[in-house]
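Topology and contacts: notes
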Amino acid sequence: MEKRVLTTESGAPVADNQNSATAGIGGPLLIQDQHLLEKLARFNRERIPERVVHARGSGAYGHFEVTDDVTAYTKAAFLSEVGKRTELFTRFSTVADSLGGADAVRDPRGFAVKFYTEEGNYDLVGNNTPVFFVKDPVKFPDFIHSQKRDPFTGRQEPDNVWDFWAHSPEATHQVTWLFGDRGIPASYRHMNGYGSHTYLWTNAEGGAFFVKYHFKTNQGVRCLSAEQAAEVAGTDPTSHQTDLLQAIERGVHPSWTLYVQIMPAAEAADYRFNPFDLTKVWPHADYPLRRVGRMVLDRNPENVFAEVEQAAFSPNNFVPGIGPSPDKMLQGRLFAYADAQRYRLGVNHTQLPVNAPRATAADNYGRDGLMATRNGSRHDRNYEPNSYAGPSQTGRALSAALAVSGHTGTHPAPAHVKDDDFFQAGELYRLMTQEERGRLVANIAGSLSQVSREDVVERNLAHFHAADPDYGRRVEEAVRALRED
């Protein structure tokens, strides 16, 4: 086999890749050594800004196959018939830690899916929990700052973590999830995924339905105890990455069954709590799960940087038949996610192979910017409308229109009859076995007992008491015992 020739970035052959050019034997380096300078400069720029959240991630390619007819609820083409397959890319991640963090930690997991549909890419960006800590995007930067490494100590501080939660009672439901048995998945393959937000489906007749997505793992849910996680994180920080990679390489293809909960749009206004509140779930007794299809991951990326680090997801990537709801957190993320990728990767990040449409082609008047690869020719015009053969609008809305009314202002979310920050956290606690409750209490107490301020401890204990008297009593007793040691 003929050997390939090593070249510079401009394609010129490299004569010597072992020795730098010098002024005589043993002399100083020469600035004319273009290969050396290019190589060092290129090396200095190998890293791009990591994601502020969801920095540590893994991904894989696969497909989604429709198993059940949902055309009564959505006109999305990739869901249009039973048996239809759509290529996809999925990225899993931890939320709070940096790119160098360990996988086996107590933290929510990102669960993002990019469907390469014939109507464009559809991004479903969720977590492995059906709820979240806050319900308004204006609180999100503060929440993340409280969970990230402290600017003085350089580590995650229990004082910061619990102080924010003390002032955010709506976080009690997610805190109960996080410190429960499902707070540390054993692997990415063994956890469920949720769209978490409420989305809008529209059918061919214009009928509107609010939906929530549930990806149920077909491998079974498996989790780690705090003690097991500490051992795994210390011996193999990349445990989840390793597990996903090796499973797919040996032909064990993980899969998830997608279900949705469907609420006719007309029922939202009078539902007993705000259906667009990200801190709450819809009880299955009210809106049962309906099966949609099956996601299978069967191919690893060839290059983690190019295909996992540069993978860009945004919940504003909708397709006809799917749109946003009035969920305030979702509305904020429609801007924030896409803007984060423009910052990290540049305005042309959608032209990267992992992000580009595959079953169709992007055709618009976007031009120029860093790393532009799709600029058109002299026969194309870069404005619209025009008298030439450029692309034009369809006039067909992606999803149904939602009625709005009232005055502008910084309003709290509308109160429904049963809106409450603590009831569902209590419901979750009461669903647990006595053994699960014991582990939940021990996990919370182990963290909350490290807080230095007594008033912050008391505020948080009040939240657990409000969720369930037994829950509050047991956490309080456990925290007191640890603080007295």
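No experiment lies behind these values; they were computed from the predicted model shown.

If you tally the helices and strands in the protein chain, you get twelve helices and ten strands. Dimensions of the protein chain along its principal axes, counting C-alpha atoms only, are 80 × 65 × 50 Å. Expressed as a percentage of its 485 residues, the buried residues of the protein chain come to 46%. Within the protein chain, residue pairs in contact and separated by at least 24 positions form 73% of the contacts whose partners lie at least 6 positions apart. Looking at the protein chain as shown, the accessible area adds up to about 24600 Å², and 53% of this sits on carbon and sulfur atoms. When the 52 positive and 61 negative side-chain charges of the protein chain are each reduced to one mean point, those points stand 3 Å apart.

It is worth spelling out the nonpolar core at this point. Of all hydrophobic cores here, the largest spans 40 residues; its most connected members are Phe133, Trp162, Trp165, Ile444 and Leu448. For this core, the elements supplying multiple residues, two or more each, are helix 2 (140–147), helix 3 (158–166), helix 4 (172–178), helix 9 (423–431), helix 10 (434–448), helix 11 (454–467) and helix 12 (469–484). Other than its neighbours up to four places away in sequence, leucine 448 contacts Trp162, Val457, Asn460, Leu461, Phe464, Val479 and Arg483.

A word on the pairing of strand 2 (residues 85–94). Judged by how many residues are buried, strand 2 sits mostly within the fold: eight of ten residues are covered. Bridge count for strand 2 against strand 3 (residues 109–117) is seven bridges, and the pairing is antiparallel. Residue pairing for strand 3: phenylalanine 92 is matched across the bridge by phenylalanine 111.

Taken together, the buried positions of helix 3 are occupied by Pro158, Val161, Trp162, Phe164, Trp165 and Ala166. Elements in contact with the buried residues of helix 3: helix 2, helix 4, helix 10 and helix 11.

To describe a pair of aromatic rings, you give the distance between the ring centres and the angle between the ring planes. One pass over the full model with this rule turns up 34 aromatic pairs. Aromatic pair phenylalanine 132 and phenylalanine 133: ring centres 5.4 Å apart, planes at 75°, arrangement edge-to-face. Exposure remark for phenylalanine 132: the relative accessible area of 3% places this residue in the buried category. Ring centres of phenylalanine 133 and tryptophan 165 lie 5.5 Å apart, and the angle between their planes is 10°; this geometry places the pair in the stacked category. A residue pair is termed long-range when its members are at least 10 positions apart, and phenylalanine 133 in the loop between strand 4 (120–127) and helix 2 and tryptophan 165 in helix 3 qualify at 32 residues. For the pair formed by phenylalanine 133 and tryptophan 165, the shared burial category is buried. Put simply, the rings of Phe132, Phe133, Phe140, Phe143, Trp162, Phe164, Trp165, Phe179, Tyr429, Phe464 and Tyr471 pair up and form one aromatic cluster.

Moving on, we come to the environment of aspartate 136. Here aspartate 136 lies in the loop between strand 4 and helix 2. Sequence-wise, aspartate 136 and histidine 465 are 329 residues apart; in three dimensions their C-alpha atoms are separated by 24 Å. Within the local environment of aspartate 136, its side chain forms a polar contact with the backbone nitrogen of valine 138, the two atoms lying 3.0 Å apart.

Calculation rules
Chains are numbered independently. Their residues run from 1 in the order of the written sequence. Thresholds applied to this predicted model are a pLDDT of at least 70 for local features of residues and 80 or more for the giving and counting of side-chain atom pairs; totals over whole chains, interfaces and linings are not thresholded and use all residues. To get the side-chain values, take all heavy atoms of the structure and skip hydrogens and water. A run of DSSP states H or I qualifies as a helix once it reaches four residues; a run of E qualifies as a strand once it reaches two. Both are numbered from the N-terminal end. Each residue's exposure class comes from its accessible area (1.4 Å probe, protein chains only) as a fraction of the maximum for that residue type: buried when under 20%, exposed when over 50%, partly exposed otherwise. Contacts are residue-level and defined by heavy atoms, with any inter-residue pair within 4.5 Å sufficient. Computed by Shrake-Rupley with a 1.4 Å probe, the accessible areas treat only the displayed protein chains as cover when residues are assessed. When charges are counted, Lys and Arg contribute as positive and Asp and Glu as negative, whereas His and the chain ends are disregarded. In plain terms, the charge of a residue is placed at NZ if it is Lys, CZ if Arg, CG if Asp and CD if Glu. Definition of nonpolar core: a set of buried residues of the types Ala, Val, Leu, Ile, Met, Phe, Trp, Tyr and Cys, connected through side-chain atoms within 4.5 Å. We call two strands paired when DSSP finds no fewer than two bridges between them. Stacked, tilted and edge-to-face are the three classes applied to pairs of Phe, Tyr and Trp rings, where Trp contributes its six-membered ring and a pair requires centres within 6.5 Å; stacked means planes under 30 degrees apart, edge-to-face means over 60, and tilted covers the rest. In protein, a polar contact requires one atom able to donate a hydrogen and another able to accept it; more generally it is a pair of N or O atoms within 3.5 Å, and residues adjacent in sequence count only if both atoms are side-chain atoms.

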